[in-house]
Amino acid sequence: MAAFRLKTTECRVGVLGLYNAGKTVFLTSLVNHLEHHDPDRFSFGKAGTHIRKFRFLDADTDWNAFNYAGFRDALAHNGRWPEKTRDRSMVACQFERSDWAFSDVQLKLYDLPGERLADAAMIGKSFAEWSEHLMTLIRNDTPYRTICEGFLKASMAEDATEASVVSAYKLALAKLILSFKPMISPSTFLLDISGNLAKPSSPQELATSRHVGLDAHSEFAPLTAELRAAHPVMTALFAARFEKYKTELVQPYFHTLKSCHSLVVIVDVMMLLAGGVGMYDDTRQILQDLFRVLDPGETGMQTVGRHLAKTFLPHALRPGWINRVAFVAPKLDLVHPNDRDRMVRLLRQLVGKLADNCDGLKSQYFNSASAISTKLLPADPNERLLIGIPYRDADGRKIPPGAEQRFRISELPESWPANWQAGMYHYPEVYPTIPMRKNAAPEQKNLDKILEFVLG
Ligand SMILES: Nc1nc2c(ncn2[C@@H]2O[C@H](COP(=O)(O)OP(=O)(O)O)[C@@H](O)[C@H]2O)c(=O)[nH]1
Ligand SMILES: [Mg+2]
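Residues numbered from 1 in each chain as written. Chains lettered and ligands numbered in written order. Predicted model: local features only at pLDDT ≥ 70, side-chain atom pairs only at ≥ 80, totals over all residues. Heavy atoms only, no water.

Since one α-helical turn is 3.6 residues long, residues separated by three or four positions face the same way. Taking 1.5 Å of rise per residue, 17 residues should cover 24 Å, and helix α13 (residues 340-356) covers 23 Å from first to last C-alpha, within 8% of that figure. Remark: the principal bend of α13, roughly 50°, maps to Leu-350. Among all positions in α13, only Arg-340, Arg-342, Met-343, Val-344, Leu-346, Leu-347, Leu-350, Val-351, Gly-352, Leu-354 and Ala-355 are buried. The secondary structure elements touched by the buried residues of α13 are α10 (269-275), α11 (277-294), β7 (324-329) and β8 (362-367). (Helix = DSSP H or I, 4+ residues; strand = E, 2+ residues; numbered from the N terminus. Expected span 1.5 Å × (residues − 1). Bend = angle between axes of the 7 residues up to and from the residue. Buried < 20%, exposed > 50% of the residue type's maximum accessible area, 1.4 Å probe, protein only. Contact = heavy atoms within 4.5 Å.)

Turning next to the site of ligand 1. Close to ligand 1 lie 19 residues; Asn-20, Lys-23, Thr-24, Val-25 and Asp-333 are nearest. With respect to ligand 1, the side chain of Thr-24 contributes an N or O atom lying 2.7 Å from an oxygen atom. One of the side-chain N or O atoms of Asp-333 is found 2.8 Å from a nitrogen atom in ligand 1. Burial of ligand 1 by the protein amounts to 94% of the accessible area it has alone, namely 580 Å². (Near = heavy atom within 4 Å. Polar contact = N/O pair within 3.5 Å; in protein donor to acceptor, adjacent residues only side chain to side chain. Areas by Shrake-Rupley, 256 points an atom, 1.4 Å probe, with all protein chains shown as cover.)

What follows concerns the packing of aromatic side chains. Given two aromatic rings, their pairing is described by the distance between the two centres and the angle made by the two planes. A full pass over the atoms with the stated rule returns 22 aromatic pairs. Aromatic pair Phe-56 and Tyr-68: ring centres 5.7 Å apart, planes at 40°, arrangement tilted. Of this pair, Phe-56 sits in strand β2 (residues 51-57) while Tyr-68 sits in helix α2 (residues 68-76), placing them twelve residues apart in sequence. With a relative accessible area of 39%, Phe-56 lands in the partly exposed category. Ring plane angle 90° and centroid distance 5.9 Å describe the contact between Phe-220 and Phe-242, whose orientation is recorded as edge-to-face. Here Phe-242 lies in helix α9 (residues 232-258) and Phe-220 lies in the loop between α7 (203-209) and α8 (225-230), a separation of 22 residues in the sequence. Classification of Phe-242 as buried rests on a relative accessible area of 0%. Members of the aromatic cluster, connected to one another through ring pairs, are Phe-127, Trp-130, Phe-220, Phe-238, Phe-242 and Tyr-245. Across the ring face of Trp-63, the terminal group of Arg-88 is positioned such that the distance to the ring centre comes to 4.8 Å. A cation sits over an aromatic face here: Arg-324 above Phe-453, 5.0 Å from the ring centre. (Phe/Tyr/Trp six-rings, centres within 6.5 Å; stacked < 30°, edge-to-face > 60°. Lys NZ or Arg CZ within 6 Å of the ring centre and 35° of its normal.)

Moving on, we come to the domain arrangement of the protein chain. The assigned domain composition of the protein chain is domain 1 (7-116 + 253-455) and domain 2 (120-252). Here domain 1 and domain 2 have C-alpha centroids that lie 30 Å from each other. Carbon and sulfur atoms supply 58% of the area that domain 1 and domain 2 bury against each other, a total of about 1900 Å² over both sides. Per-residue buried area on domain 1 facing domain 2 is highest for Glu-115, Arg-116 and Asp-282; these three make up 30% of the total on that side. Scanning the region where domain 1 abuts domain 2 turns up one salt bridge. (Domains from an automatic or database assignment. Buried area = accessible area lost by both parts, 1.4 Å probe. Salt bridge = Lys/Arg side-chain N within 4 Å of Asp/Glu carboxyl O.)

Below, the structure written as structure tokens:
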């Protein structure tokens, strides 16, 4: 062990995924393993590598500290998640790893709410271009067109007003939320700037209680080319509100992401199978918008620059751009062990092209579990039966933790079907299992390998 360390290597990692993909459990489990490291349960780097002198650092200005202690406590005691205080949080920590003789690691993990990903399409676009992007999506997709029928009608009305268009758009978004469609933009309708999430209620109630914009006085909706031509005043008003929204809310979010060295992109393949082909298509669209904006990868000169900077510059001055993406299919404990390799294959089929199209990007695909929470029936190891504590009743309502039960799960397909309905695949959620003892981290799979990859 070196007595002193010459430098600090900083690694900024953005953790991304749609709502409920498992970002919070991932971060909680990862930090728990780093803080109380046990090389037998979390093995990364050279064989036997261990972590010492772990300490938390302050969060960056404008960022909340990720409520690690609160989340861990909620997981261990099957409690409710602590309230989101604001819409973005981070963990910053520093530690030594025994296989790096001369450098400390400073790790910053950014937890960005999945709801904001739907706003990625705003970056680099004017209000008119963003409107066209959304209107094209709505018009050319049968489920979207059906759900948004009222909005499309309101957009064609000769006497359209600011109020009529905004309220029709809000009603359409409310129906999209209730149909589990993730393309909700402006995303403040789903998650406002104080971090309050829309609560399930009727479309009308949702439409009146939520805002499409920074607040009640800055609402905007996409406008068709005809409306833009016929209503220049309304168009100018919406365009100004759109620009303010983009500058104040969306750009800082994506600016942080772009300055990360690595991304962990969590895609819950079981949720996509359970949700139907529409959810698959929406997720792919959102990831495509995201990759267009982030444009990860690096040129040959940037690679040289990064290596030089790593050697010669203090960590605070090192340039940042995304050169590694770990794609992660989470919750592998919810599928049968015989199917777990298929999770990775499905993930690769879904996002492989995105990564392939980025020059100079290192990408890797993982299945993972942040907190293994199911067991196999020893008597029938090949039956697709698991044991766990059910999280919801047969109607999908959350229930308090009770006794362990066994439940049947669907076989994962070899590849994505050409078409499938919501409900054809079934992977019931279970209560996560985390030891009460705080220095015993959850049983994980591949979190260590993901960390090794993103640290480079
Ligand atoms: N069985 C199991 N469930 C998980 C795991 N990770 C997350 N979950 C469940 O997935 C749901 C969403 O997780 P969360 O971390 O809150 O998602 P977020 O919205 O992306 O932050 C929760 O109900 C968790 O219990 C895992 O490793 N195994
Ligand atoms: Mg979360």
